[in-house]
Amino acid sequence: MSPTKVYQSAEENIRAELGLNDVLKIRRNAPVAILYEDALREKKTVISSTGALIAYSGAKTGRSPKDKRIVDEETSRNQVWWGPVNKKVTEKTWEINRERAVDYLRTRERLYIVDAFAGWDPRYRIKIRIICCRAYHALFMTNMLIRPTEKELAEFGEPDFTVWNAGQFPANHHTDGMSSKTTIEINFKAMEMVILGTEYAGEMKKGIFTVMFYLMPINHGVLTLHSSANQGVVNDDVTLFFGLSGTGKTTLSADKNRKLIGDDEHCWSEHGVFNIEGGCYAKCIGLSAEKEPEIFNAIKYGSVLENVVYDEETRVVDYDKSTVTENTRCAYPIEYIPSAKIPCMSDKHPSNIILLTCDASGVLPPVSKLTPYQVMYHFISGYTSKMAGTEQGITEPEATFSSCFGQPFLALHPMKYATMLADKMAHHNANAWLINTGWTGSSYVSGGKRCPLKYTRAILDAIHDGSLSGEEYETLPVFGLRIPKAVRGVPSELLNPAKNWIEGEAQYNKQVKSLATKFMENFKTYQDEATAEVLAAGPQF
């Protein structure tokens, strides 16, 4: 069956199924060229000098976590981790907002349907349907989901989960449970998601991530992880990189000497590791061909650049400018990375677990080797400095603790994921490391500098070739972290901040006490469920 026939027959079925008869045209899984043509009719959308589509998300240039809600219904009520991350919304409010979204989409002359998959392993993947009215959103999710073959598209059938993206239209803030004109709501009983009041494309991606955080452990006993992953070319060793946006997951996993499994979202099953997505979503601020060549070269025809600044005559993007936002992004198919492993899955279990943090205080060392209990403690803590632009209102690095290095996306209690990770690491004898990609030798406030990327890459090379495990170690006071005294290719004075603090020992100790206190206060939330060994793995005065 030709793509045209698939498209035409499916359009009629979708139109009738969704009650969208008033919409003049529905484009299902439209080719990239058509999405470009349509997108260029949208305000401020242009083509970059390298052929990528440049689009703008309007007032919201980052996620709106305070507006994320989950419907309080009987099938998931006792499983969901309720609280500041997952706010309850009633089924009545859900019905109002869903109807508002669908009614708005019905008024559009053209709608876009993207039918694709989440999860590369056929044993666990789910069928996703995106319904939106911006061509740039359709291209974004075409890149970020796993694109079906012609045969798979023809036999797609009913989706397992549907996203109604009416982000151009606001929520009615007078509706019960609404705190603003923005709402992102997930209904696990209906297996649907509604977006109102934000055009930031990342809300679709992260909403589906939350769905996987719920479905995989509950239905399959599979661990969902906010991590990137790659695999060695020589030894086939798999490494997982955990970390929030801005800590280096995408950058560090794109390694020309290793095969990229994925840059952000993965699952660890009894069969190995698989990527959830079909693309990458890289931060672009400060991007250069010298520092990140694979990502830089992936920004071409078919990619979507979001909220970047460019020269209006040449269409050359200025990646150093943050006039619109610090959170400039690019979404591209994973096959645009030359080292990508297609299909994006491995039957090998991870040998190394990397916990990434961007420490604005400068207290933590560039690398330290973790004991099993320290892994548990730091995974549950999920410390980093939230980087500018990744969320609304964040303008400079801000200390934060995000359980499992992905708290905004968790559906279940963090201890569920932490316990599953500990069990898998023990079963497969994985090593664990804490890497600070943030400031070292001084704090952000004191005008210090981030650890150079070339040194972080040298540290990773030493982990992967096994040489770092054989180095001599010393212990960092208070945090009890084991620091190597030498790493090939890294100046020794960078390795131990306690010995090399620019402002002197007294000022360093003050910073240590401040950060350690924050760790201890944060962990009070989990201490009732943690063992004595895990508690002892944290900072000790």
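Throughout this document, residue positions are counted from 1 along each chain, in the order its sequence is written. Totals for whole chains, interfaces and linings use all residues, but because this is a predicted model, local features are given only for residues with pLDDT of at least 70 and pairs of side-chain atoms are given and counted only at 80 or more. Note that the side-chain values use all heavy atoms of the structure and ignore hydrogens as well as water.

As a further point, take unusual backbone geometry. What you tend to see is this: most non-glycine residues have negative phi, and most peptide bonds are trans. Residue Pro-343 is reached from Ile-342 by a cis peptide bond, and omega for that bond is -5°. Every helix listed is a DSSP run of H or I at least four residues long, and every strand listed is a run of E at least two residues long, numbered separately from the N terminus. One can find Pro-343 in the loop between β20 (329-333) and β21 (345-346). Of note, the phi angle at Met-191 is positive, near 55°, even though the residue is not glycine. For Met-191, the position within the fold is in the loop between β9 (183-187) and β10 (192-196). Phi at Asn-307 takes a positive value of approximately 65°, unusual for a residue other than glycine. Within the fold, Asn-307 resides in the loop between β17 (304-306) and β18 (309-310). To sort residues, take the accessible area from a 1.4 Å probe on protein chains only and compare it with the maximum for the residue type: under 20% means buried, over 50% means exposed, and anything in between is partly exposed. The buried category is assigned to Asn-307, whose relative accessible area is 1%.

Before going further, it helps to examine the sheet that holds β20. Whether parallel or antiparallel, the strands of a sheet pair through hydrogen bonds between backbone atoms. Two strands qualify as a pair provided that DSSP identifies no fewer than 2 bridges between them. Pairing within the open sheet is mixed, and its 5 strands lie in the order β2-β3-β17-β20-β16. The open sheet terminates on both sides in strands that have one partner only, identified here as β2 (46-47) and β16 (279-283). Here 3 bridges tie strand β3 (residues 53-55) to β17, and the two strands are oriented parallel to one another. Bridge pairing in β17 places Leu-53 opposite Val-304.

Another point: the packing of aromatic side chains. In this analysis, rings of Phe, Tyr and Trp, with Trp reduced to its six-membered ring, are considered paired at centre separations within 6.5 Å, and the interplanar angle assigns stacked below 30 degrees, edge-to-face beyond 60, and tilted for intermediate values. Under the counting rule described, the total for this entry stands at 21 aromatic pairs. The interplanar angle of 85° and the centroid separation of 5.2 Å between the aromatic rings of Trp-439 and Tyr-444 together place this pair among those described as edge-to-face. One aromatic cluster is present, built from ring pairs that chain together Tyr-377, Tyr-383, Phe-401, Phe-479, Phe-519, Phe-523 and Tyr-526. Just above the ring of Tyr-56 sits the side chain of Lys-44; from NZ or CZ to the centre is 4.5 Å. Charge-over-ring placement is defined geometrically: NZ (Lys) or CZ (Arg) within 6 Å of the ring centre, and within 35 degrees of the ring normal. The ring of Phe-409 carries the charged tip of Lys-206 above its face, separated from the ring centre by 4.5 Å.

Bringing the side chain of Ser-339 into the picture now. Tracing the backbone through its elements, the reader meets Ser-339 in the loop between β20 and β21. Judged by its relative accessible area of 11%, Ser-339 is buried. Every residue pair with non-hydrogen atoms within 4.5 Å of one another is taken to be in contact. Ignoring any residue separated from it by four or fewer positions in sequence, one finds Ser-339 in contact with Asp-255, Arg-258, Lys-259, Leu-260 and Glu-294.

A separate point is the domain arrangement of the protein. Domain start and end points were adopted from an automatic or database domain assignment. Each assigned domain of the protein is listed here: domain 1 (11-30 + 65-220) and domain 2 (223-269 + 349-537). For domain 1 versus domain 2, the separation of C-alpha centres amounts to 32 Å. Taken together, the contacts link 19 residues of domain 1 with 19 residues of domain 2. Using a 1.4 Å probe, buried area is obtained as the accessible area two parts lose upon being combined, added over both of them. Of the roughly 1800 Å² buried between domain 1 and domain 2 on both sides combined, carbon and sulfur atoms contribute 67%. The largest contributions to the domain 1 side of the interface with domain 2 come from Trp-81, Phe-209 and Phe-213, which together make up 41% of the buried area. Think of a salt bridge as a Lys or Arg side-chain nitrogen and an Asp or Glu carboxyl oxygen that are within 4 Å of each other. The interface formed by domain 1 and domain 2 contains 3 salt bridges. Polar contacts, as used here, are pairs of N or O atoms within 3.5 Å; protein pairs need one atom able to donate a hydrogen and one able to accept it. Residues neighboring in sequence count only if both atoms are side-chain atoms. For the pair domain 1 and domain 2, the number of links is 9 residue pairs in polar contact (both at pLDDT 80 or more). A total of 10 residues in the side of domain 1 that touches domain 2 trace back to one element, the largest contributor, which is helix α6 (residues 202-220). Gly is put with the polar residues, along with every residue not named as nonpolar or charged; the nonpolar set is Ala, Val, Leu, Ile, Met, Phe, Trp, Tyr, Cys and Pro, and the charged set is Asp, Glu, Lys and Arg. Across the side of domain 1 that touches domain 2, the residue classes break down as 13 nonpolar, 3 polar and 3 charged.

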